[in-house]
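For reference, the chains in residue letters:
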Amino acid sequence: MTGMLKEDSLKGKTIIVTGGGTGLGKSMGKYFLELGANLVITSRKLEVLEKSAEELEKETGGKVLPVACDIRKYDEVLNVIKESESRFGQIHGVLNNAAGNFISPTERLSHRAFDIVVDIVLRGTYNFTLANGKNWIDKKQAGTFLNIVTTYAWTGSGYVVPSACAKAGVLALTRSLAAEWAKYNIRSNAIAPGPFPTEGAWKRLFPGEVAEQIDPLKRIPLKRFGEHQELANLAAYLMSDYSSYVNGEVVTIDGGEWINGAGEFNGLEAVPQDMWDQLEKMRSKK
Ligand code: NAP
């Protein structure tokens, strides 16, 4: 899989990626750099960010600013904006990608565990959105928000209930501000990815024997996981001016996984060919 957009599609733009030192955030950030953007990556662990920044600069020749920030803390979010502007001048896009999640029956969760996930995913996203939105509005600058949600943001899902609640909130935030802040030239869109292998997600969501019990591949009609570049292509498009009329949209990229789970008769995929032959014969006898 190769990059989709024309060279320099993001040239002159500065994009902040929360959770940009690892996993999908790092892959999307890398492609933004390849397309000419300046990148700000942020998360709690400065050592991880600095190592990734060095790696990304070496691989792409672009400029990366690592800034430590716990997205749950508004002051730290304001500091990311300050540091980004003092290094690159203006911020053009924010990719709200950082998240926390783990699997558990809901009745086993403490209220604190619930708080932690909702605080990272929902509070973290609205902190970044509010702080950047106010900044852009004050300075009369256009801006683009791109929020990473999940397909269960609209269906809900057991065993990841705090995450489902928080991602549903992020989806509501995306659509609400697409309407309210369009007058300031601020667009808001979201991506709902299906399974894309990352160390973080696999460790927390499919640990050990769980992966054997529920093979996520079996649920995906395309019978494979997503490639990071496939997601990066979509993210870069939604960040770029090529998508300047796309606002309030949520694009699912999951190989058909969630729609497969929703269709009442999709389980008939398991019926073998000879059984279909018999059923056809029975029908033609009537
Ligand atoms: P990941 O590598 O674990 O990324 C999560 C990032 O969030 C980490 O860099 C982490 O860095 C950061 N983070 C966590 N808490 C934070 C906090 N309080 N403040 C700042 N940063 C924080 O996982 P991933 O798989 O790439 O996931 C990225 C996004 O994709 C998430 O929004 C996830 O919900 C979504 N997603 C992933 C998949 C998938 O299959 N991978 C599927 C659907 C949706 P620190 O620990 O250093 O803070």
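Above this text is the structure in question.
So, how was this worked out
Residues numbered from 1 in each chain as written. Predicted model: local features only at pLDDT ≥ 70, side-chain atom pairs only at ≥ 80, totals over all residues. Heavy atoms only, no water. Core = buried A, V, L, I, M, F, W, Y, C linked by side-chain atoms within 4.5 Å. Buried < 20%, exposed > 50% of the residue type's maximum accessible area, 1.4 Å probe, protein only. Helix = DSSP H or I, 4+ residues; strand = E, 2+ residues; numbered from the N terminus. Contact = heavy atoms within 4.5 Å. Phe/Tyr/Trp six-rings, centres within 6.5 Å; stacked < 30°, edge-to-face > 60°. Near = heavy atom within 4 Å. Polar contact = N/O pair within 3.5 Å; in protein donor to acceptor, adjacent residues only side chain to side chain. Areas by Shrake-Rupley, 256 points an atom, 1.4 Å probe, with all protein chains shown as cover. Nonpolar A, V, L, I, M, F, W, Y, C, P; charged D, E, K, R; others polar. Patch = residues over 30% accessible without salt bridge, like charges linked within 9 Å, V, L, I, M, F, W, Y side chains within 5 Å. Salt bridge = Lys/Arg side-chain N within 4 Å of Asp/Glu carboxyl O. Pairing = 2+ DSSP bridges. Axes fitted to C-alpha atoms, helices over the stretch in contact; angles between N-to-C directions. Lys, Arg positive; Asp, Glu negative; His and termini not counted. Charge placed at Lys NZ, Arg CZ, Asp CG, Glu CD. Right-handed = clockwise from strand over helix to strand, strands pointing away.

Q: Explain the nonpolar core residue by residue, including any values.
A: Residues L10, M28, F32, L39, L95 and I191 are the most contacted members of the largest nonpolar core, which totals 30 residues. Broken down by secondary-structure element, the contributors of at least two residues to this core are β1 (14–18), α1 (23–34), β2 (38–43), α2 (46–60), β5 (143–148) and α9 (228–239). Considering each element in turn, this core owes the most residues, seven residues, to α9. Residues contacting L10, with those up to four places away along its chain left out, are I15, F32, L35, G36, A37, A236, M239 and S240. I91, A131, W136 and L177 belong to the second-largest nonpolar core, a separate cluster that totals 22 residues.

Q: Report on the packing of aromatic side chains, specifying residues and quantitative values.
A: Each pair of aromatic rings is reported with the distance of its centres and the angle of its planes. One pass over the structure, following the stated rule, counts five aromatic pairs. Measuring from ring centre to ring centre gives 5.5 Å for W154 and W258, while their planes differ by 80°; the resulting arrangement is edge-to-face. Here W154 is found in helix α5 (residues 152–155), whereas its partner W258 is found in helix α10 (residues 257–262), with 104 residues between them in sequence. For the pair W202 and F225, a centre-to-centre distance of 5.3 Å together with 90° between the ring planes defines the contact as edge-to-face. With W202 in helix α7 (residues 199–205) and F225 in the loop between α8 (209–213) and α9, this residue pair connects regions lying 23 residues apart in the sequence. Classification of W202 as partly exposed rests on a relative accessible area of 24%.

Q: Report on the site of the ligand, specifying residues and quantitative values.
A: Lining the immediate environment of the ligand, one finds 28 residues, of which T22, L24, R44, N97 and T198 sit closest. Here an oxygen atom of the ligand sits 2.9 Å away from a polar atom, N or O, in the side chain of K45. Within the backbone of A99, one N or O atom sits 3.4 Å away from an oxygen atom of the ligand. For the ligand, whose free accessible area comes to 880 Å², the fraction covered by protein is 91%. Mapped by element, the contributors of at least two residues to the shell around the ligand are α1 and α7. Ranked by residue count, the leading element in the shell around the ligand is α7, at four residues. Counted by class, the shell around the ligand contains 13 nonpolar, nine polar and six charged residues.

Q: Any chance you could break down a nonpolar patch on the surface for me, citing the residues and the numbers?
A: A cluster of nonpolar side chains, namely F265, L268, M275, W276, L279 and M282, defines an oily patch on the protein surface of about 570 Å² accessible area. Mapped onto the fold, M275 is located in helix α11 (residues 273–285).

Q: Outline the sheet that holds β5, listing residues and values.
A: Here we have seven strands laid out as an open sheet, ordered β3-β2-β1-β4-β5-β6-β7, and parallel in their pairing. The sheet terminates laterally at β3 (64–68) and β7 (250–253), the two strands that pair on one side only. This sheet shows a mean twist of 20° between the axes of neighbouring strands, independent of strand direction. Sheet analysis places β2 next to β3, joined by five bridges and oriented parallel. Paired with S43 across the two strands is A68, which belongs to β3. Where helix α4 (residues 111–139) meets the sheet, it contacts β1, β2, β4 (93–96), β5 and β6 (186–193), and its direction lies at approximately 175° from that of β5.

Q: If you had to explain a positive patch on the surface to someone new, which residues and values would you point to?
A: A contiguous patch of positive charge, built from R44, K45, K203 and R204, is present on the exposed surface. Of note, K45 is situated in the loop between β2 and α2. A relative accessible area of 48% means that K45 is categorised as partly exposed.

Q: Describe the pairing of β4, and please don't skip the residues or the numbers.
A: Here β4 shows a buried face lined by G93 and L95 and a second buried face lined by V94 and N96. The pairing of β1 with β4 spans three bridges and is parallel. Within β4, the residue paired with I16 across the bridge is V94. Note: β4 against β5, four bridges, orientation parallel. Following the sheet pairing, N96 is matched in β5 by N147. Note that the unit made of β4, α4 and β5 has a crossover that is right-handed.

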